[in-house]
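One letter stands for each residue in the lines below.
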2 protein chains.
Amino acid sequence: MIVKPSILPGTMELLPHEQLIFNKMKDIIRETYELFAFLPIDTPALEKTEILLAKGGGETEKQIYNIANTSTETSLRFDLTVPLARYVSMHEHELKFPFKRYQIAKVYRGERNQKGRYREFYQCDCDIIGDEKLSKFYDAELVKIISIIFRKFGFDKFTIMINNRNIMNGFLKSQGVEDTVEAVRALDKYDKIGRDSLEELLINQGIKADSVKNIIDLIEFEGTNEETIAHLEGLGIDNEIFLKGLAEMKEVLENIKLFNVDKNNYKFTLKLQRGLDYYTSTVIETVLDDYKELGSVAGGGSYENLTQFYSKRELPGVGISIGLTRLFFQLSEKNILPKFESEEKSFLVAPLDIDMSYAISVLNELHELGANSEVLYSKMKMKKIFDFAESYSFDYIIFLGQEELENKKLSVRDLNSKENISISIDELKTLIK
Amino acid sequence: MIVKPSILPGTMELLPHEQLIFNKMKDIIRETYELFAFLPIDTPALEKTEILLAKGGGETEKQIYNIANTSTETSLRFDLTVPLARYVSMHEHELKFPFKRYQIAKVYRGERNQKGRYREFYQCDCDIIGDEKLSKFYDAELVKIISIIFRKFGFDKFTIMINNRNIMNGFLKSQGVEDTVEAVRALDKYDKIGRDSLEELLINQGIKADSVKNIIDLIEFEGTNEETIAHLEGLGIDNEIFLKGLAEMKEVLENIKLFNVDKNNYKFTLKLQRGLDYYTSTVIETVLDDYKELGSVAGGGSYENLTQFYSKRELPGVGISIGLTRLFFQLSEKNILPKFESEEKSFLVAPLDIDMSYAISVLNELHELGANSEVLYSKMKMKKIFDFAESYSFDYIIFLGQEELENKKLSVRDLNSKENISISIDELKTLIK
């Protein structure tokens, strides 16, 4: 009996030519994290349910996938932060701090079935976990990391938006707002609902009309990073939290300069709120300038205590996350997937009516030189050979016929330049960058 | 409330210094598969249960992890072969054949809880799928691939055992055995139970005493590959399946020679049976010569029809699989994990009582040069700096104090050679291989 082959909705599966681009993007993220000496960890996808729900249920509990047939209650992780917290708590005496870790792996969420929503998707996270305190240079490192990654993806027009949650929290306090969490949650909607509706929301929260005006004026402030700092300093707010946030923000901005991040690629903006997150100080979101409608393509922030549900020790952290599956889908929909030039050239060896031994000696030589390559052992028509090579992204075809065998030559077709050349085996290395 | 942090039994989680070795092994496997132009695919870990169980239940059905809360019956994959079959069937019109694919990913099985048994573990598979027929050169490629991987792991004493199932099947037929599957399953136990018990088993299957003797004599035959071939040819067996198997085996052995595999690393052996598998022709298993007790560390074989449960098209294949999680555990237990020299040097920058800007300019230069590196932004005692560097496998520490700042020098400690040197920023590149 034949079962019709299909995959679950909400999972991504690519054809090889797309997968190569996806993997290259994944490799760029990995290499950049490693460049900054982040260490890899690889936690199990299966975790005890009690670990995943230690923070308390809510949205998470509804979205979590549970395993039906295990004696210990078991679920699939829904992010990489909870497993990191569990890992650090479990190994706190074996790890040295500051602990820089990255993890690039799939996570699972029972999302509604909808285009572009994934139930199984990659998160690419890097975090720095400190012991009691953590330098604000790490916040700057993370901004540099995002800028390297997106430049390697081929984008130069993007903005890493940065803010510090203490600024607004302190400002709200200075305006007599009690429930700052609820207010921030409203402010986070500014982009979607606009000034008038936001005013109404805040008024309904019991905030005085002139405070509401001050608050919205503040998030509407536009200026350079220096102007925004000057504006905040000019407000003359004497709230401790506000001043702490402002000082931290100034420090982060000064630090970013030391990392030589292009000034067009980052911006201190009071609009950025991330109302629903657990971030406590720096918050980061990244948009592609020409495709702002995609929303944030890389985000993060700092938090006071990573391990509060698993350990008594206080371990603050700061990190970023790139949702690669969703990003790949979005770029693909917009037809702006990165086009990578193959750094290492690949070869398809096509023997034409000759014994395989010559072809395999060429293959062995290519492998010695480290070039990805294969031999077509079965006879194929010329058109099929070209289709095969194109479809699997080979850079060269090496044709070997009777004449090549006798003269110990290789007839090489460069599929990028469309040129044909004739070389000896010894000259192969000149084609491999 | 604090939840005690722990992981599920049967899952592997490593500390960073172990994870680096694990990842290096994974990278070696990936690079070697790519060297032979295998293409990556990345199928979802979650599959429809009907896909996974299309072949029929049995052991599989008992071991499969089902998701409790999904509308479509969903399970975690238990291997990478069933997803490959589903993938190839789904995309058969978009793929070109021969299709060389690799997949390195976790699979899930509800194994009994026992040391060294994993419920979540990596499989590293590569397979070549042909359209109707498949060259026997691929079988030889796979032997070459295993030999490259284990040499890169630092082993040179290993044996890739090769056999062809048609030889024994045909021989059994020639000895009047009806149920060859049952007989082969018994033969597979030879190593464990020895000749006498095996004789009894076969007699009990209703095989005549002189046939039993012939059969066991055959699997006990010891000799070089050439002697084994000569022995089989000398038996004068006129069974079609036997002769087919012998011809295929000779072909594969001739092909392996063309790939220059060290003759100490592969062996045609009639003992290798793999009674429980779905392989139909070539079978492969690999043992470490000095650690035979570990069992097979890499195995595979060829099969007639990959996609029989999902497509009417006949697509034969041949492939290998390395169970990396189990292998890592075994090597670790024996204390013979590979020791990799870091190809790319990593740097820990330790500023001593100076402003961070000099340290970050050194870091920027290291990153420009592509060297993995980080700055210790918080003050640490000298001993702690060395502990940190050792624990996270750095190759160099760069100390930057007032003197280094004034002379624009770097005091570098080489943690491998234990030497101290003083260089300028421009000379950094000489340390980076």
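Here the structure is a predicted model, which is why all the values come from computation and not from measurement.

> Summarise the interface of chain B and chain A; cite the residues concerned and give the values.
Much of the literature gives interface size as the accessible area that the parts lose upon coming together. Contact with chain B, which involves 95 residues of that partner, is made by 95 residues of chain A. With both sides pooled, the region where chain B packs onto chain A buries about 8400 Å², and carbon together with sulfur makes up 60% of that total. Summed over the shared surface of chain B and chain A, the number is 6 salt bridges. Of the charged contacts in the structure, one is a salt bridge between A:Glu13 and B:Arg86, with a shortest N-O distance of 2.7 Å. Here chain B and chain A share 39 residue pairs in polar contact (both at pLDDT 80 or more) between them. Of all the elements, helix 1 (residues 16-35) of chain B adds the most residues to the side of chain B that touches chain A, at 8 residues.

> Mind laying out the sheet that holds strand 6 (residues 158-164) of chain B, listing which residues take part and the relevant values?
All names here are of chain B. Strand order in the open sheet formed by 8 strands is 1-4-5-10-9-8-6-7, and the pairing between neighbours is mixed. If you trace the sheet from one side to the other, it starts and ends with strand 1 (39-40) and strand 7 (266-268), each paired once. Helix-sheet contacts for helix 11 (residues 240-258) involve strand 6, strand 7 and strand 8 (282-288), and the interaxial angle to strand 6 is about 150°.

> Explain the UniProt feature "binding site: L-histidine" (unreviewed entry) in chain A to me, and be specific about the residues and the numbers.
Residues and elements named next belong to chain A. Taken from the UniProt record, the annotation "binding site: L-histidine" (unreviewed entry) applies to Asp79, Leu80, Thr81, Arg109, Gln123, Asp127, Arg274, Tyr278 and Tyr279. For Leu80, the contacting residues outside a window of four places in its chain are Arg101, Gln103, Ala105, Val107, Gln123 and Asp125. Examined against the element boundaries, Asp127 turns out to sit in strand 5 (residues 120-129). You can call Asp127 buried: its relative accessible area is 5%. Asp127 has contacts with Phe38, Leu84, Phe99, Lys100, Arg101, Tyr303, Val318 and Gly319, leaving out every residue within four places of it along the chain.

> Summarise the environment of A:Ala247; cite the residues concerned and give the values.
Residue and element names in this part refer to chain A. Position of Ala247 among the secondary structure elements: in helix 11 (residues 240-258). Overall, the relative accessible area of 46% leaves Ala247 in the partly exposed class. Linking Ala247 and Ile104, residues 143 residues apart in sequence, is a C-alpha distance of 33 Å.

> Break down the nonpolar core for me, with residues and values.
Counting 105 residues, the largest nonpolar core has A:Tyr33, A:Phe150, A:Leu202, B:Val362, B:Ile398 and B:Leu410 as the members making the most contacts within it. A total of 10 residues in this core trace back to one element, the largest contributor, which is helix 5 (residues 137-152) of chain A. Those residues within four positions of B:Val362 in sequence are excluded, and the remaining contacts are B:Val349, B:Ile398, B:Leu400, B:Leu410, B:Ile425 and B:Leu428. Residues B:Phe153, B:Phe158, B:Val177 and B:Ile322 belong to the second largest nonpolar core, which totals 104 residues.

> Report on the relation of the copies chain B and chain A, specifying residues and quantitative values.
At an RMSD of 0.0 Å, chain B and chain A line up after a rotation of 180° and a shift of 0.0 Å along the axis. The superposition of one copy onto the other is thereby described by a two-fold rotation axis. In this assembly, 100% of the residues forming the interface of chain B have copies in chain A that are likewise at the interface, indicating an isologous arrangement.

> How would you summarise the side chain of B:Gln273 if you had to cite specific residues and measurements?
Residue and element names in this part refer to chain B. In this fold, Gln273 is placed in the loop between strand 7 and strand 8. For Gln273, a relative accessible area of 4% corresponds to the buried category. At a separation of 2.8 Å, a polar atom in the side chain of Gln273 contacts the main-chain carbonyl oxygen of Leu270.

> Describe the packing of helix 6 (residues 165-174) of chain B against helix 7 (residues 180-187) of chain B, naming the residues involved and giving the relevant values.
Residue and element names in this part refer to chain B. Look at helix 6 against helix 7: their axes get within 10 Å of each other, and the N-to-C directions meet at 115°. Considering only the axes of helix 6 and helix 7, their crossing is right-handed. Where helix 6 approaches helix 7, its residues Arg165, Met168, Asn169, Leu172 and Lys173 are matched on the opposing element by Thr180, Ala183, Val184 and Leu187. Residue classes in the contact of helix 6 with helix 7 are distributed as 5 nonpolar, 2 polar and 2 charged.

> Before we move on, can you summarise the pairing of strand 8 (residues 282-288) of chain A with the specific residues and values?
All names here are of chain A. Burial of strand 8 is extensive: 7 of the 7 residues sit out of reach of the surface. Two strands pair when backbone bridges link them, and strand 6 (residues 158-164) and strand 8 are joined in this way by 7 bridges, in the antiparallel orientation. What sits directly across from Asn163, in strand 8, is Val283. Note that strand 8 and strand 9 (residues 298-303) share 4 bridges and pair antiparallel.

> Break down the pairing of strand 13 (residues 396-400) of chain A for me, citing the residues and quoting the values.
Residues and elements named next belong to chain A. Within strand 13, 5 of the 5 residues are buried, which leaves it mostly tucked inside the rest of the structure. Because side chains alternate across strand 13, one face comprises the buried residues Tyr396, Ile398 and Leu400, and the other comprises Ile397 and Phe399, equally buried. Relative to strand 13, strand 11 (residues 347-351) runs parallel, the two sharing 5 bridges. Counted as the bridge partner of Pro351 is Leu400 from strand 13. Looking at chain direction, strand 13 and strand 14 (residues 409-414) are connected through 4 bridges and run antiparallel. Looking at the pairing, Tyr396 lines up with Asp414 of strand 14.

> An account of unusual backbone geometry is requested, with residue identities and associated values reported.
Geometrically, the link from A:Phe97 to A:Pro98 is a cis peptide bond, its omega value of 0° lying close to zero. Within the secondary structure, A:Pro98 sits in the loop between helix 4 (81-90) and strand 4 (99-108).

> For the sheet that holds strand 15 (residues 420-424) of chain B, give the residues involved together with the corresponding values.
All names here are of chain B. An order of 12-11-13-14-15 is seen for the 5 strands of this open sheet, with the pairing classed as mixed. With partners counted over all chains shown, the strands left at the sheet margins are strand 12 (373-375) and strand 15, one partner each. Within the sheet, the average angular offset between the axes of one strand and its neighbour, ignoring direction, is 25°.

> Tell me about helix 12 (residues 324-333) of chain B, and name the residues and values.
Residue and element names in this part refer to chain B. Within helix 12, 7 of the 10 residues are buried, which leaves the element mostly enclosed by the surrounding structure. Buried residues of helix 12: Leu324, Thr325, Leu327, Phe328, Phe329, Gln330 and Leu331, and no others. Buried residues along helix 12 sit against helix 1, strand 5 (120-129), helix 5 (137-152), strand 8 and strand 10 (317-322). Looking at the residues trailing helix 12, positive phi occurs at Asn335, about 60°.

> Can you explain the packing of aromatic side chains? Please cite residues and give values.
All names here are of chain A. Applying the stated criterion to the full structure yields 40 aromatic pairs over all chains. A centroid spacing of 6.0 Å and a plane angle of 45° characterise the contact between Phe150 and Phe158, whose relative ring orientation is tilted. When its relative accessible area of 0% is taken as the criterion, Phe150 is described as buried. Each ring, one from Tyr278 and one from Tyr279, has its centre 5.1 Å from the other, and the planes form 25°; the classification is stacked.

Reading the values: the criteria
Residues numbered from 1 in each chain as written. Chains lettered and ligands numbered in written order. Predicted model: local features only at pLDDT ≥ 70, side-chain atom pairs only at ≥ 80, totals over all residues. Heavy atoms only, no water. Contact = heavy atoms within 4.5 Å. Buried area = accessible area lost by both parts, 1.4 Å probe. Salt bridge = Lys/Arg side-chain N within 4 Å of Asp/Glu carboxyl O. Polar contact = N/O pair within 3.5 Å; in protein donor to acceptor, adjacent residues only side chain to side chain. Helix = DSSP H or I, 4+ residues; strand = E, 2+ residues; numbered from the N terminus. Pairing = 2+ DSSP bridges. Axes fitted to C-alpha atoms, helices over the stretch in contact; angles between N-to-C directions. UniProt positions renumbered as here; feature names shortened; annotations may be inferred. Buried < 20%, exposed > 50% of the residue type's maximum accessible area, 1.4 Å probe, protein only. Core = buried A, V, L, I, M, F, W, Y, C linked by side-chain atoms within 4.5 Å. Least-squares fit on C-alpha atoms with pLDDT ≥ 70 in both. Left-handed = near helix turned anticlockwise from the far one by under 90°. Nonpolar A, V, L, I, M, F, W, Y, C, P; charged D, E, K, R; others polar. Phe/Tyr/Trp six-rings, centres within 6.5 Å; stacked < 30°, edge-to-face > 60°.

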